[in-house]
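# Coordinate inspection notes
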Amino acid sequence: DMTPEDRARQNRDRNREHARNTRLRKKAYVEELKKTLAEMVAQRDTADMERYHTSQRELEQREVRFRVMEELLKLRGSNEPNITRWGAIFEDGLTFTLPLTRFRKVVSSQHKNTTNNVASSRSYEQVLRGTEEVMQDTSYLASMLELIGK
């Protein structure tokens, strides 16, 4: 049989072991929480950086589009004869759709019989393909504006 002192010592040892195990479980839980928090912060930071880069790319694209439109309007407004300046803002395979009007001459397209010329078959728009056709239309526009100005 155990003496009361032995029983008390056994209880103290059991309590110590239980407290030690509780502290170890709590420490492991806190470490797991820290690890999860670090992962979530890293994910958030990565997402923030991706959003920032995406917004920067979109801003750059808007700026480029604005500059191209600005240059296009300048070239059309001045009836620029230099094809190199036009080529600087247009890509190969350019398609330029304009409304048709009965007030000015229409570019006769070299591409009328192509199967992808769906838009040009519509009676309310003209599809210009390539830099030369856009330049030709610009000269027609300049002629029309000259006539109006007289």
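The structure we're discussing is the one just above.
Criteria and thresholds
- Residues numbered from 1 in each chain as written.
- Predicted model: local features only at pLDDT ≥ 70, side-chain atom pairs only at ≥ 80, totals over all residues.
- Heavy atoms only, no water.
- Helix = DSSP H or I, 4+ residues; strand = E, 2+ residues; numbered from the N terminus.
- Buried < 20%, exposed > 50% of the residue type's maximum accessible area, 1.4 Å probe, protein only.
- Contact = heavy atoms within 4.5 Å.
- Patch = residues over 30% accessible without salt bridge, like charges linked within 9 Å, V, L, I, M, F, W, Y side chains within 5 Å.
- Areas by Shrake-Rupley, 256 points an atom, 1.4 Å probe, with all protein chains shown as cover.
- Salt bridge = Lys/Arg side-chain N within 4 Å of Asp/Glu carboxyl O.
- Expected span 1.5 Å × (residues − 1).
- 1 Å grid on protein atoms, 1.4 Å probe; cavity = no way out; pocket = protein on both sides within 12 Å on 5 of 7 lines; lining within 4 Å.
- Points joined across faces, edges and corners; volume = space filled by probe spheres on them.
- Nonpolar A, V, L, I, M, F, W, Y, C, P; charged D, E, K, R; others polar.
- Core = buried A, V, L, I, M, F, W, Y, C linked by side-chain atoms within 4.5 Å.

The next thing to look at is the environment of Glu-80. Along the chain, Glu-80 turns up in the loop between α1 (4-78) and α2 (83-87). You can call Glu-80 buried: its relative accessible area is 14%. Distance in space between the C-alpha atoms of Glu-80 and Val-41 is 55 Å, their sequence separation being 39 residues. Apart from the residues lying within four places of it in its own chain, the contact partners of Glu-80 are Leu-75, Arg-85, Trp-86 and Met-135.

Take a nonpolar patch on the surface next. On the surface, a cluster of nonpolar side chains totalling about 280 Å² of accessible area is made up of Tyr-29, Val-30 and Leu-33. Along the polypeptide, Val-30 turns up in helix α1.

Its 20 residues give helix α3 (residues 130-149) an end-to-end C-alpha distance of 29 Å, which sits within 8% of 28 Å, the value for a rise of 1.5 Å per residue. Looking only at α3, the buried set comprises Gly-130, Thr-131, Glu-133, Val-134, Met-135, Asp-137, Thr-138, Tyr-140, Leu-141, Ala-142 and Met-144. Check the buried side of α3 and you find it contacts α1, α2, β1 (95-99) and β2 (125-129).

Let's shift gears to empty space enclosed by the protein. Considering all chains together, one arrives at 1 cavity of 30 Å³ or more under this definition. Estimated volume of the largest cavity: approximately 50 Å³. Forming the walls of the largest cavity are Pro-99, Leu-100, Thr-101, Arg-104, Lys-105, Val-106, Gln-126 and Asp-137. Residues belonging to the lining of the largest cavity are distributed by class as follows: 3 nonpolar, 2 polar and 3 charged.

A few words on the pattern of salt bridges. A full pass over the atoms with the stated rule returns 10 salt bridges. Residue Arg-20 is joined to Glu-17 by a salt bridge in which the shortest nitrogen-to-oxygen separation is 3.6 Å. One end of the pair is Arg-20 and the other is Glu-17, both in helix α1 and 3 residues apart, which spans about a single turn. Judged by relative accessible area, which is 43%, Arg-20 ranks as partly exposed. In the salt-bridge network here, residues are joined through shared partners; they are Glu-71, Glu-80 and Arg-85.

What follows deals with the nonpolar core. Core analysis: the largest hydrophobic core is formed by 13 residues, its most contacted members being Leu-72, Trp-86, Phe-90, Phe-96, Leu-128 and Val-134. Setting aside anything within four residues of it in sequence, one finds Leu-128 in contact with Leu-94, Thr-95, Phe-96, Leu-98, Val-107, Glu-133, Val-134 and Asp-137.

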